[in-house]
Amino acid sequence: MPSTLVELRPDRRLLDHDFEGYKLNLQALPHYTHKLTAPVDRVYPDEIQYSFVHAKLFALHNHLVLDYWDYSFSYYYIDSKQQVRHVSFESTNHTFQNTIVYDVPAHVERKSGHFNLCLSFPSANLAVVSDGTGYLHIVDTGSRNRSDQNWQTVQSSLVLGEEKYFIIVDAKIQEKDDNEMLHCLLQSVEQNDKHFNSVLTWVTFDYDGTSWKQMSLRQIQGKGIVHYAAIEPSYSAVYIASDNAFKFTMDSESEIVAPRKEEPKQIIYTWLQTTEDVTITLKLQTNFDKKLLHIAITPFTIKVSYAGKIFVDGRLCHKVDSELATWNVQEDGQIDILLTKSESMIWDELLEGGDRKGEQIMDASLVEEAHRRLAHLCSETEVNVEQSAPGLSTQELEECDAASEEDTILSRLDANTHEVTHRIPLSVHQYLFNIQMEMHEVPAIALRHDVDACIWQPYAQLVNSDTWPVKHQGTLMAFGYVQSSKQNRKFITCPPNFSYSVVCEATKHVFVYQSSSEGNHLRKRTGGVVKNVKVGQQHVFNIDKYGEVLGINATNEYLFILTETTLLALEII
């Protein structure tokens with residue numbers, strides 16, 4: 001079954017064509033710092049982790065984890081002693097509290113191939129921890145809004161087997177038949193003879209009231225990096241954004257049926273057309289007998305057979321003048337049938353619904369005429385006045401606007417059929433980042449749209465419908481353009497209310513772009529007319545003295561930045 005192509009159409013009400021850009025604001029943003037009691041644990045790639053897939057997984061790993069189930073500023077990170085630390089920020093007096101809530105079991109000595117530790121919160125009282133050495137720990141956290149948290153491990157397992165290391169991409173809790181089911185999406189990397197594959201493992205655990213037991217395991221593989229991956233809230237599909245196709249390779253619940261290969265076409269006739277007529281050509285067997293040839297043509301149908309073998313049979317795509325139809329049989333057995341069209345036009349097909357036994361041959365003169373009419377679209381010479389001028393000269397594009405050669409696609413892979421049901425091409429919409437906006441939904445995706453960045457929220461496929469709703473929720477004005485010029489960017493993000501956007505470098509600067517607000521206007525003279533234009537504010541914060549940035553999270557009021565030894569809170573005023 002072919003997949004459905006989904007088109008992203010921005011909501012014009014969320015776009016502002018009067019926005020002109022950002023003006024540098026030299027006023028320093030208020031910021032508050034907290035010296036970490038213990039430094040952040042960090043793992044570097046080794047000599048066997050040299051691919052671009054590994055580089056992305058290590059370099060862009062966000063060590064600062066926000067607890068979305070807690071409405072306060074509640075953050076977690078894992079220190080160098082492999083202990084989970086809870087850091088809370090009090091916005092009234094700008095103070096921090098740092099406490100140890102969990103000690104990751106079995107401190108295995110780091111070795112080649114290990115990944116960073118990962119922490120995820122699938123519910124308000126449950127956590128999932130990966131130690132980077134192959135173990136997945138399910139942890140009962142209890143109520144995390146208490147100051148005396150004490151997490152307890154309830155299940156640990158080598159979900160992928162020995163020497164199979166991974167990170168946690170997504171984790172969700174499903175309520176089903178008065179039981180809880182834990183769904184985890186894990187990412188690992190496998191090397192074959194030619195390249196590195198990204199492997200997404202969807203593992204499901206069932207809680208029987210006393211313990212968690214692994215129920216199913218599915219694997220999806222593809223070449224190259226994964227920009228975005230999440231489990232659909234209906235738990236029936238996986239969303240993946242990548243530059244290459246991904247497919248199911250294993251499912252413990254049901255057999256993966258290989259798609260049926262289409263039988264190769266057996267062409268027994270060809271057809272050639274102009275705007276006025278159609279010529280059908282076929283070849284009879286040696287020592288043919290003309291008496292066995294039967295040709296029947298009506299204004300809408302055609303049937304050609306020889307000795308019981310049918311060459312052409314069906315309803316014509318458009319009407320022909322049957323009285324003018326002629327055919328000729330040559331000595332070598334070739335038959336040429338000429339049909340005169342009732343209307344001067346180009347047919348898409350010879351027969352309605354197509355015919356796998358026939359193949360269209362393009363007329364050289366027809367192709368040349370089409371090229372002549374479209375020549376202005378690719379000409380490097382000056383365009384005539386009658387022709388429509390291109391909207392933008394490519395010579396005026398800056399380097400940061402150059403289109404990527406990668407063909408990124410956001411796909412929906414159904415867990416039951418193991419097929420791609422929907423595709424969203426992202427080649428013209430550069431993938432920027434993702435943010436969690438709604439607790440029970442997948443993360444929203446930020447895509448470049450012209451100079452802006454649009455935030456799209458995917459929802460579960462509608463019941464009894466083929467529709468995959470992806471809604472435009474907000475816009476970061478001109479951010480698509482400004483972020484592309486920051487070649488040293490490491491993290492990109494924005495808060496849930498889209499009031500500002502952030503480009504964070506690894507060691508030097510943090511750029512904050514605030515949207516236009518009341519009274520923040522400039523006057524612009526265009527064509528002798530003075531008009532007010534909307535501008536935003538750009539703030540620059542120097543991060544170099546605090547060390548390399550290892551994590552970031554943006555809230556509506558504060559931007560939190562984690563370095564190896566410090567947690568900073570920038571107040572966005």
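Residues numbered from 1 in each chain as written. Predicted model: local features only at pLDDT ≥ 70, side-chain atom pairs only at ≥ 80, totals over all residues. Heavy atoms only, no water.

Enquirer: For the overall build of the protein chain, give the residues involved together with the corresponding values.
Expert: Of regular secondary structure, the protein chain possesses 3 helices and 40 strands. Per-residue burial over the protein chain gives 47% buried out of 573 residues. At a minimum sequence separation of 6, the contacts of the protein chain that also span at least 24 residues come to 57%. Looking at the protein chain as shown, the accessible area adds up to about 30800 Å², and 48% of this sits on carbon and sulfur atoms. (Helix = DSSP H or I, 4+ residues; strand = E, 2+ residues; numbered from the N terminus. Buried < 20%, exposed > 50% of the residue type's maximum accessible area, 1.4 Å probe, protein only. Contact = heavy atoms within 4.5 Å. Areas by Shrake-Rupley, 256 points an atom, 1.4 Å probe, with all protein chains shown as cover.)

Enquirer: Please give an account of the pattern of salt bridges that cites residues and values.
Expert: Evaluated as defined, the whole model comprises 16 salt bridges. The partner of Lys164 in a salt bridge is Glu190, and the shortest N-O contact between them spans 3.7 Å. Within this pair, whereas Lys164 is found in the loop between strand 11 (152-157) and strand 12 (167-176), its partner Glu190 is found in strand 13 (residues 179-191), the two being separated by 26 residues in sequence. If you follow the salt bridges from partner to partner, you end up with Arg42, Lys490 and Glu548 in one network. (Salt bridge = Lys/Arg side-chain N within 4 Å of Asp/Glu carboxyl O.)

Enquirer: I'd like a description of the sheet that holds strand 24 (residues 326-329), backed by residues and values.
Expert: Pairing in this open sheet of 5 strands is mixed, and the strands run 24-25-20-19-26 from one edge to the other. The open sheet has two edge strands with one neighbour each: strand 24 and strand 26 (358-361). Strand-to-strand twist of the sheet, defined as the mean angle between neighbouring strand axes without regard to direction, takes the value 20°. Strand direction decides the pairing type here: strand 20 (residues 277-283) and strand 25 (residues 334-340), joined by 7 bridges, are antiparallel. Bridge pairing in strand 25 links Asp277 to Thr340. (Pairing = 2+ DSSP bridges. Axes fitted to C-alpha atoms, helices over the stretch in contact; angles between N-to-C directions.)

Enquirer: I'd like a rundown of the packing of aromatic side chains, residues and numbers included.
Expert: Taken as a whole, this structure holds 20 aromatic pairs when the rule is applied. Taking 5.3 Å as the distance between ring centres and 85° as the angle between the ring planes, the aromatic pair formed by Tyr50 and Phe196 counts as edge-to-face. Remark: Phe196 occurs in strand 14 (residues 196-207) and Tyr50 occurs in the loop between strand 3 (31-35) and helix 1 (52-59); sequence separation between them is 146 residues. Here Tyr50 falls in the exposed class, since its relative accessible area comes to 56%. Ring centres 5.4 Å apart and planes at 25° place the aromatic pair Phe58 and Phe115 in the stacked group. Note that Phe58 is positioned in helix 1 and Phe115 in the loop between strand 7 (95-103) and strand 8 (118-123), a separation of 57 residues in sequence. The buried category is assigned to Phe58, whose relative accessible area is 6%. (Phe/Tyr/Trp six-rings, centres within 6.5 Å; stacked < 30°, edge-to-face > 60°.)

Enquirer: Outline the nonpolar core, listing residues and values.
Expert: In terms of nonpolar packing, the biggest core is built from 27 residues, with Leu136, Leu182, Cys184, Leu186 and Phe205 touching the most fellow members. Counting residues in each nonpolar core, the second largest holds 24 residues, with Ile297, Tyr306, Leu316 and Trp347 among its members. (Core = buried A, V, L, I, M, F, W, Y, C linked by side-chain atoms within 4.5 Å.)

Enquirer: Run through the sheet that holds strand 11, naming residues and quoting values.
Expert: Taken in spatial order, the 4 strands of this open sheet run 8-9-10-11, and their pairing is antiparallel. Only two strands of the sheet have a single neighbouring strand rather than two, namely strand 8 and strand 11. When strand polarity is set aside, the average angle formed by the axes of neighbouring strands in this sheet is 25°. Two elements, strand 8 and strand 9 (residues 126-130), share 4 bridges in a ladder whose sense is antiparallel. In the sheet register, Ser120 faces strand 9, and the bridge partner there is Val128.

Enquirer: Which residues make up a nonpolar patch on the surface, and what are the values?
Expert: Among the surface-exposed residues, Leu24, Leu26 and Val540 lie close enough to one another that they form a single nonpolar patch of about 320 Å² accessible area. Position of Val540 among the secondary structure elements: in strand 37 (residues 529-542). Using a relative accessible area of 40% as the deciding quantity, one classes Val540 as partly exposed. (Patch = residues over 30% accessible without salt bridge, like charges linked within 9 Å, V, L, I, M, F, W, Y side chains within 5 Å.)

Enquirer: I'd like a description of unusual backbone geometry, backed by residues and values.
Expert: Of note, His94 is a non-glycine position whose phi angle comes to about 55°, a positive value. Take His94: it is sitting in the loop between strand 6 (83-90) and strand 7. Despite not being glycine, Tyr235 has its phi angle at roughly 60°, a positive value. The topology assignment puts Tyr235 in the loop between strand 16 (226-231) and strand 17 (237-242).

Enquirer: Help me get a handle on helix 1, residues and values and all.
Expert: Of the positions making up helix 1, those classed as buried are Val53, His54, Leu57 and Phe58. The arc that holds the buried residues of helix 1, viewed along the axis, is 120°, so those residues lie on one side. If you follow the buried residues of helix 1, they end up packed against strand 12, strand 13 and strand 14. (Arc of directions from axis to C-beta.)

Enquirer: Could you give an account of the side chain of Asp251, with specific residues and numbers?
Expert: Along the chain, Asp251 turns up in strand 18 (residues 246-251). Residue Asp251 is classed as buried on the basis of its relative accessible area of 11%. A polar side-chain atom of Asp251 sits 2.8 Å from the main-chain amide nitrogen of Glu253. Here His418 takes part through its side chain, which lies 2.7 Å from a polar atom of the side chain of Asp251. The contacts of Asp251, once residues within four sequence positions are left out, are Leu217, Arg218, Ile256, Ala415 and His418. (Polar contact = N/O pair within 3.5 Å; in protein donor to acceptor, adjacent residues only side chain to side chain.)

Enquirer: Could you give me a rundown of empty space enclosed by the protein, with the residues and numbers involved?
Expert: Take a probe with the size of a water molecule and roll it over the atoms, and the empty space left behind shows itself. By the definition in use, this model includes 1 cavity of 30 Å³ or more. Forming the walls of the largest cavity are Leu8, Leu410, Ile424, Leu426, Ile445, Leu447, Trp456, Pro458 and Val470. Among the elements of the structure, strand 30 (444-449) and strand 31 (452-458) are those that each provide at least two residues to the lining of the largest cavity. A per-class count over the lining of the largest cavity returns 9 nonpolar, no polar and no charged. (1 Å grid on protein atoms, 1.4 Å probe; cavity = no way out; pocket = protein on both sides within 12 Å on 5 of 7 lines; lining within 4 Å. Points joined across faces, edges and corners; volume = space filled by probe spheres on them. Nonpolar A, V, L, I, M, F, W, Y, C, P; charged D, E, K, R; others polar.)

Enquirer: Describe the pairing of strand 28 (residues 420-425), with residues and values.
Expert: One ladder, built from 2 bridges, connects strand 1 (residues 4-5) with strand 28; its direction is parallel. Paired with Thr4 across the two strands is His422, which belongs to strand 28. Once strand 27 (residues 409-414) ends, the chain turns through 5 residues before running back antiparallel as strand 28, passing His418 with a positive phi of about 60°.

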